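Structural description and commentary
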Amino acid sequence: MKFYISTTGIKRLTISSAGASKASPATRRISGRTVLPLVLVLALILPFLFVRIAFIVLESATACSSTLDCIGWRFFSGSDESMLREELTRALLEAKDDKVDNNEQGIESFNQLVQEMTLKQQDVKAFAFKTKAMLSRMEHKVQSARQRESIYWHLASHGVPKSLHCLCLKLAEEYAVNAMARSRLPPPEYVSRLSDPSFHHLVLLTDNVLAASVVISSTVEKSANPEKLIFHIVTDKKTYTPMHAWFAIHSIQSAVVEVKGLHQYEWSQEVNVAVKEMLEIHRLIWGQYYKNLKEEDFEYDGEHKRFLEALSPSCLSLMNLLRIYIPELFPDLNKIVFLDDDIVVQHDISSLWELDLNGNVVGAVVNSWDGDNCCPGRKYKDYFNFSHPIISSNFDHNRCAWLYGMNVFDLEAWRRANITETYHHWLKLSQESGLTLWRPGIIPPAVIAFEGHVHHIDPLWHVAGLGFRSPEVPRDILEAASVIHFSGPAKPWLEIGFPEVRGLWNKHVNSSNKFVRKCRIMG
């Protein structure tokens, strides 16, 4: 073997052998231009590879079940972040919902999850499954808590506060011991006004003394001609004495107030039978709805509130249901303004009696104050069962229902149109059709009875919904509204009333009154 080295530098190395003298010179030569870059590249890469492999081996001791496997996917993968994301996504997709048992006791916090994963050295798939199970259990608990909170809120909305109960007891006692509390309402000199059509007649059907006082005081305060106002309050037998005592003691000098109990009416046998029949059918509808209610109906936060509202005791309240008998309650009146007991009058409403209803029976707000076609939740589909052919063939599910609570009624037109008879006809039709035509409540059958007899009035006459969970009415709309209505469960006299709007009602409560102070009505 012979070596030949060029005199011009190490540019070429030639190796020759006697036994291979016939071999081609090109195959025996290794170029220096190839060797030097190769050596330099290896000198740079080998230290990096050594450090990288050492790091992966150390890391794999705690993160991987197999060191060789871990080195393989970590070494040849492009990015740790993207690879981990793909692996975690795949693991989460594999952790199916049907594998999660919400009743099983498991990890309840992220810290517990990290601690368990560290101690047991589990893989990404186990981490994904445990995380999904933990989140599913937490979500189930949150949903259950929301449902329970709504049910408790619903129950609280229908209780009688201790302060209101106290007020009724104190006033009943006053009625018994104080002759002034038993004085005639209205005074004899004003009796002739009770049926005089030149006065402005307002009707309230209520068993809430404090609420009635707020309605009347706010109306009188804002009226341009309070001396023209005649208030007709109808209440039940148990509330008659405290209601009478309150308005007898706190007489309103500029207006006339009449208080009558249902026991003081002498109705015909026919009307008595019809009222009892009406109450019974409403109870049957309520009972059928309650019977058909399923647990899954309460699974969605937006729906179970509506189910609870339909189960409200107010659906069976005699004072609410008797609205359809206003013409029988006041046979001598022709035009009245009906006010619910959970409203506050903020501006003069005397022009309502001058309103031309164009031959219709009721003047009511239909369109929403925000420019939409309907007030939220006031379409026919929100009240009626359109899967029933009787409803679907007679009504449009997108039609807007009118607001009950502040209405102008032409009682002469009411009698001519036989509204009360139409109401009873549909109640009987509902009974014959399995009691499933509409949800419980006073609004659905009334909406049908007044179909085609409604005159739309400006939305700012009546802004409702202040008793629901999220009163979203802007402040300028609230101030501009002639009547604000605390429709919904959160009445302003309850602890669950919203502080943002409760002040609009509280300012009409006479906090200096001795009965209000004794019963601590203002807290």
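Here the structure is a predicted model, which is why all the values come from computation and not from measurement.

The subject of this paragraph is the sheet that holds strand S12 (residues 483–485). Spatially, S7-S12-S11 is the arrangement adopted by the three strands of the open sheet, whose pairing is mixed. One side of each edge strand has no neighbouring strand; the edge strands of this open sheet are strand S7 (343–345) and strand S11 (462–463). Two elements, S7 and S12, share three bridges in a ladder whose sense is antiparallel. Considered in S12, the bridge of Ile343 is made with His485.

On to the environment of Lys381, then. Following the sequence through the fold, Lys381 ends up in the loop between strand S8 (362–365) and helix H13 (389–392). As for Lys381 and Trp438, which are separated by 57 residues in sequence, their C-alpha atoms are 9.5 Å apart. If near-sequence neighbours (up to four positions away) are discounted, Lys381 is found in contact with Phe386, His397 and Asn398.

Let's shift gears to the environment of Ala224. Among the secondary structure elements, Ala224 is positioned in the loop between helix H7 (209–222) and strand S4 (229–235). Judged by relative accessible area, Ala224 falls into the exposed class, the value being 53%. For the pair Ala224 and His347, spaced 123 residues apart in sequence, the C-alpha to C-alpha distance is 9.1 Å.

As a further point, take the side chain of Thr235. Structurally, the position occupied by Thr235 is in strand S4. Thr235 gets classed as buried once you look at its relative accessible area, which sits at 0%. In contact with Thr235, not counting residues within four places along its chain, are Thr206, Asp207, Tyr240, Met243, Lys260, Gly261, Leu262 and Met319.

Okay, the sheet that holds strand S5 (residues 256–261) next. The mixed open sheet is built from seven strands, whose spatial order is S5-S4-S3-S6-S9-S8-S10. The two strands at the open ends of the sheet, each matched to only one other strand, are S5 and strand S10 (454–457). The mean angle between the axes of side-by-side strands here comes to 25°, regardless of whether they run parallel or antiparallel. Here S8 pairs with S10 via four bridges, running parallel.

This brings us to a positive patch on the surface. A cluster of basic residues, Lys170, Lys514, Arg517 and Lys518, forms a positive patch at the surface. Sorting elements by how many residues they give to the positive patch places helix H19 (residues 514–518) first, with three residues. Along the polypeptide, Lys170 turns up in helix H6 (residues 162–177).

As a further point, take the pattern of salt bridges. Summed over the entire model, instances satisfying the criterion amount to six salt bridges. Where Lys491 meets Asp342, a salt bridge forms, and the shortest distance between an N and an O atom there is 2.5 Å. Placement of Lys491 in the loop between S12 and helix H18 (499–506) and of Asp342 in the loop between strand S6 (335–339) and S7 is noted, with a sequence separation of 149 residues between them. A single burial state applies to Lys491 and to Asp342, both of which are buried.

Moving on: the state of the cysteines. Think of a disulfide as a covalent bridge from one cysteine sulfur atom to another cysteine sulfur atom. All told, the structure shown has one disulfide when counted by the stated rule. Covalent S-S linkage joins Cys166 and Cys519, the inter-sulfur distance amounting to 2.1 Å. Sign of the S-S torsion, about -75° for the bond between Cys166 and Cys519, identifies this disulfide as left-handed. Highlighted residues: Cys166 in helix H6 and Cys519 in the segment after H19, separated in sequence by 353 residues. The pair Cys166 / Cys519 is uniform in exposure class, with both members buried.

What follows concerns the environment of His425. Inspection of the secondary structure puts His425 in helix H15 (residues 419–432). Given a relative accessible area of 48%, His425 falls into the partly exposed group. Measuring from C-alpha to C-alpha, the distance between His425 and Pro445 comes to 9.6 Å, with 20 residues separating the pair along the chain.

The next point concerns a nonpolar patch on the surface. Together, Ile151, Tyr152 and Leu155 make up an exposed nonpolar region whose accessible area comes to about 320 Å². Here Tyr152 lies in helix H5 (residues 124–157). A residue is classified by how much of its surface remains accessible, and Tyr152, at 54% relative accessible area, is exposed.

The full count for this structure, using the stated rule, is 16 aromatic pairs. Plain terms: the ring middles of Tyr380 and Phe384 are 5.4 Å apart, the flat faces sit at 55° to each other, and that makes the pair tilted. Tyr380 sits in the buried class, given a relative accessible area of 2%. The class for Phe384 is buried, based on a relative accessible area of 6%. Taking 6.5 Å as the distance between ring centres and 90° as the angle between the ring planes, the aromatic pair formed by Phe384 and Trp438 counts as edge-to-face.

Further remarks concern the packing of H6 against helix H8 (residues 237–249). H8 packs onto H6 with a crossing angle of 75° between their chain directions and a minimal axis gap of 8 Å. With respect to each other, H6 and H8 are oriented roughly perpendicular. Contacts from Leu167, Cys168, Leu171, Ala172, Glu174 and Tyr175 of H6 reach H8 at Tyr240, Thr241, Pro242, His244, Ala245, Trp246 and Ile249. Taken together, the residues of the contact of H6 with H8 sort by class into 10 nonpolar, two polar and one charged.

Along an α-helix, residues three or four apart share an orientation, since each turn contains 3.6 residues. In this model helix H9 (residues 269–292) runs 35 Å from its N-terminal to its C-terminal C-alpha over 24 residues, within 8% of the 34 Å that 1.5 Å per residue would give. Three or more residues of H9 are buried, namely Val271, Ala274, Val275, Met278, Leu279, Ile281, His282, Ile285 and Tyr289.

The next point concerns the pairing of strand S9 (residues 406–410). The element S9 is largely enclosed, with a buried count of four among its five residues. Examined bridge by bridge, S6 and S9 share five bridges and lie antiparallel to one another. Looking at the pairing, Lys335 lines up with Asp410 of S9. Relative to S9, S8 runs antiparallel, the two being bridged by two bridges. Bridge pairing links Gly363 to Val408 in S9.

Moving on, we get to the confidence of the model for the chain. When the pLDDT values of the chain are averaged, the result is 82; 72% of them are 70 or greater. Contacts of residues 61–65 to residues separated by more than four positions or lying in other chains number four contacts, the stretch itself having pLDDT below 50.

Cut-offs applied
Residues numbered from 1 in each chain as written. Predicted model: local features only at pLDDT ≥ 70, side-chain atom pairs only at ≥ 80, totals over all residues. Heavy atoms only, no water. Pairing = 2+ DSSP bridges. Helix = DSSP H or I, 4+ residues; strand = E, 2+ residues; numbered from the N terminus. Contact = heavy atoms within 4.5 Å. Buried < 20%, exposed > 50% of the residue type's maximum accessible area, 1.4 Å probe, protein only. Axes fitted to C-alpha atoms, helices over the stretch in contact; angles between N-to-C directions. Patch = residues over 30% accessible without salt bridge, like charges linked within 9 Å, V, L, I, M, F, W, Y side chains within 5 Å. Areas by Shrake-Rupley, 256 points an atom, 1.4 Å probe, with all protein chains shown as cover. Salt bridge = Lys/Arg side-chain N within 4 Å of Asp/Glu carboxyl O. Lys, Arg positive; Asp, Glu negative; His and termini not counted. Charge placed at Lys NZ, Arg CZ, Asp CG, Glu CD. Disulfide = S-S within 2.5 Å. Phe/Tyr/Trp six-rings, centres within 6.5 Å; stacked < 30°, edge-to-face > 60°. Parallel < 35°, antiparallel > 145°, perpendicular 65-115°, else oblique. Nonpolar A, V, L, I, M, F, W, Y, C, P; charged D, E, K, R; others polar. Expected span 1.5 Å × (residues − 1). pLDDT = per-residue confidence, 0-100.

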